[in-house]
Amino acid sequence: SAVISQKPSRDICQRGTSLTIQCQVDSQVTMMFWYRQQPGQSLTLIATANQGSEATYESGFVIDKFPISRPNLTFSTLTVSNMSPEDSSIYLCSHKGGINTEAFFGQGTRLTVV
Amino acid sequence: TQLLEQSPQFLSIQEGENLTVYCNSSSVFSSLQWYRQEPGEGPVLLVTVVTGGEVKKLKRLTFQFGDARKDSSLHITAAQPGDTGLYLCAGVTAGNMLTFGGGTRLMVKP
């Protein structure tokens, strides 16, 4: 199993500013994922972050808007850049091991842009 | 793109009632997982079903994986207020990525 600590848990930010979300895993993991979720709705994958390589972004998400760092096997950050109210959402990091194994999630960051 | 359609989106029932949530796809998945999420927390795995036709039981929860590995269902017997939450099905692709269904918000009233 893996425990993922994510912070901040919530923030209220001014439009035009940037917020960096951090995720710390209690063990070394290869694959990490970043998701966005509207409250009460499903998860949308933003990008996959593997240590030692550039993050792979899903359609509709770009590196300039959501830069990701993966400096080692236990840590990753997602930055939401030049925020607008449309970026208000819950952001979650996740790790998943082998193909039929469990995915573990951080507790999420609830972002409100005003 | 592999899509998973989950239904219903929202369910409000009385304590003691039974319910079924469905996930359907036109694509085959390596396995299918069901997660439950509470407000302010990340999703937590309930079960993984791998084999076509597989049935797994977890106390009052019964999970089925379709014979063709394209669909799944979650049945809850005698629902309790503690079952309230967001239920998410997720198909595991051959590339080990998760494709989430749209989610089912369940509210069980005492």
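Residues numbered from 1 in each chain as written. Chains lettered and ligands numbered in written order. Predicted model: local features only at pLDDT ≥ 70, side-chain atom pairs only at ≥ 80, totals over all residues. Heavy atoms only, no water.

Asks: I'm lost on the pattern of salt bridges in this one. Help?
Replies: Opposite charge on two side chains allows them to pair when their charged atoms are near. Residues and elements named next belong to chain B. This model, assessed by the stated rule, comprises four salt bridges over all chains. The salt bridge partner of Lys56 is Glu54, with a shortest N-O separation of 3.8 Å. A salt bridge links Arg60 to Asp83, with the shortest nitrogen-to-oxygen separation between them at 2.9 Å. Here the residue Arg60 occupies a position in the loop between strand 6 (55-58) and strand 7 (61-65), and Asp83 occupies one in the loop between strand 8 (71-76) and strand 9 (85-92), the gap between them amounting to 23 residues. The exposure class of Asp83 is buried, given its relative accessible area of 7%. (Salt bridge = Lys/Arg side-chain N within 4 Å of Asp/Glu carboxyl O. Helix = DSSP H or I, 4+ residues; strand = E, 2+ residues; numbered from the N terminus. Buried < 20%, exposed > 50% of the residue type's maximum accessible area, 1.4 Å probe, protein only.)

Asks: What is the right way to look at the interface of chain A and chain B in this model?
Replies: Interfaces are often described in size by the accessible area the parts lose on coming together. Every contact between the two is made by 22 residues of chain A and, on the other side, 25 residues of chain B. Contact between chain A and chain B buries roughly 1,600 Å² in total, counting both sides, with carbon and sulfur atoms accounting for 58%. At the boundary of chain A with chain B, the tally comes to zero salt bridges. Along the contact surface separating chain A from chain B lie seven residue pairs in polar contact (both at pLDDT 80 or more). When contributions to the side of chain A that touches chain B are tallied by element, the ones reaching two or more residues are strand 4 (31-37), strand 5 (43-50), strand 9 (89-96) and strand 10 (103-105) of chain A. Ranked by residues supplied to the side of chain A that touches chain B, first place goes to strand 4 of chain A with four residues. When its residues are assigned to classes, the side of chain A that touches chain B shows nine nonpolar, eleven polar and two charged. (Contact = heavy atoms within 4.5 Å. Buried area = accessible area lost by both parts, 1.4 Å probe. Polar contact = N/O pair within 3.5 Å; in protein donor to acceptor, adjacent residues only side chain to side chain. Nonpolar A, V, L, I, M, F, W, Y, C, P; charged D, E, K, R; others polar.)

Asks: Quick question: what am I supposed to make of the packing of aromatic side chains here?
Replies: Any pair of aromatic rings gets described here by the distance separating the centres and the angle formed by the planes. Residues and elements named next belong to chain A. Tallied over the entire structure, the rule returns nine aromatic pairs over all chains. Ring plane angle 50° and centroid distance 5.9 Å describe the contact between Tyr35 and Phe105, whose orientation is recorded as tilted. Here Phe105 lies in strand 10 and Tyr35 lies in strand 4, a separation of 70 residues in the sequence. One exposure class covers both Tyr35 and Phe105, and it is buried. (Phe/Tyr/Trp six-rings, centres within 6.5 Å; stacked < 30°, edge-to-face > 60°.)

Asks: Looking at this model, I keep getting lost on the pairing of strand 8 of chain B. Mind explaining?
Replies: The side chains of a regular strand alternate, first on one face of the sheet and then on the other. Residues and elements named next belong to chain B. As paired strands, strand 3 (residues 19-24) and strand 8 are joined by six bridges and run antiparallel to one another. Across the sheet, the residue bridging to Tyr22 is Ser73, located in strand 8. Here strand 7 pairs with strand 8 via five bridges, running antiparallel. Paired with Phe63 across the strands is Leu74, a residue of strand 8. As consecutive antiparallel partners, strand 7 and strand 8 are separated by five residues, and within that stretch Arg69 has a phi angle of approximately 60°, a positive value. (Pairing = 2+ DSSP bridges.)

Asks: For this particular structure, what's the right way to read the sheet that holds strand 8 (residues 75-80) of chain A?
Replies: Neighbouring strands of a sheet are bound in pairs by backbone hydrogen bonds; such pairs are parallel or else antiparallel. All names here are of chain A. Pairing in this open sheet of four strands is antiparallel, and the strands run 1-3-8-7 from one edge to the other. Looking at the sheet topology across the chains shown, the edges are occupied by strand 1 (4-7) and strand 7 (68-72). Averaged over all adjacent pairs, the angle separating strand axes in this sheet is 15°, with direction ignored. Bridging between strand 3 (residues 19-25) and strand 8 involves six bridges; their strand directions are antiparallel. By the bridge assignment for strand 8, Gln24 is matched with Phe75. (Axes fitted to C-alpha atoms, helices over the stretch in contact; angles between N-to-C directions.)

Asks: Would you mind going over unusual backbone geometry with me for this structure?
Replies: Both trends apply: most residues other than glycine have a negative phi, and most peptide bonds are in trans. A cis amide bond links Lys7(A) with the next residue in sequence, Pro8(A), at an omega value of 0°. Considering the arrangement of structural elements, one finds Pro8(A) in the loop between strand 1 and strand 2 (10-13). Cis geometry marks the peptide bond from Ser7(B) to Pro8(B); its omega dihedral reads -5°. As for its placement among the helices and strands, Pro8(B) is situated in the loop between strand 1 (5-7) and strand 2 (10-14). You will see that Arg69(B), though not glycine, has its phi angle at about 60°, which is positive. Relative to the helices and strands, Arg69(B) is located in the loop between strand 7 and strand 8.

Asks: Looking at this structure, I do not really get the sheet that holds strand 8 of chain B. What am I missing?
Replies: All names here are of chain B. Taken in spatial order, the five strands of this open sheet run 1-3-8-7-6, and their pairing is antiparallel. With partners counted over all chains shown, the strands left at the sheet margins are strand 1 and strand 6, one partner each. If you compare each strand with its neighbour and ignore which way they point, the axes differ by 15° on average.

Don't take any of this as a statement about function, it's just geometry.
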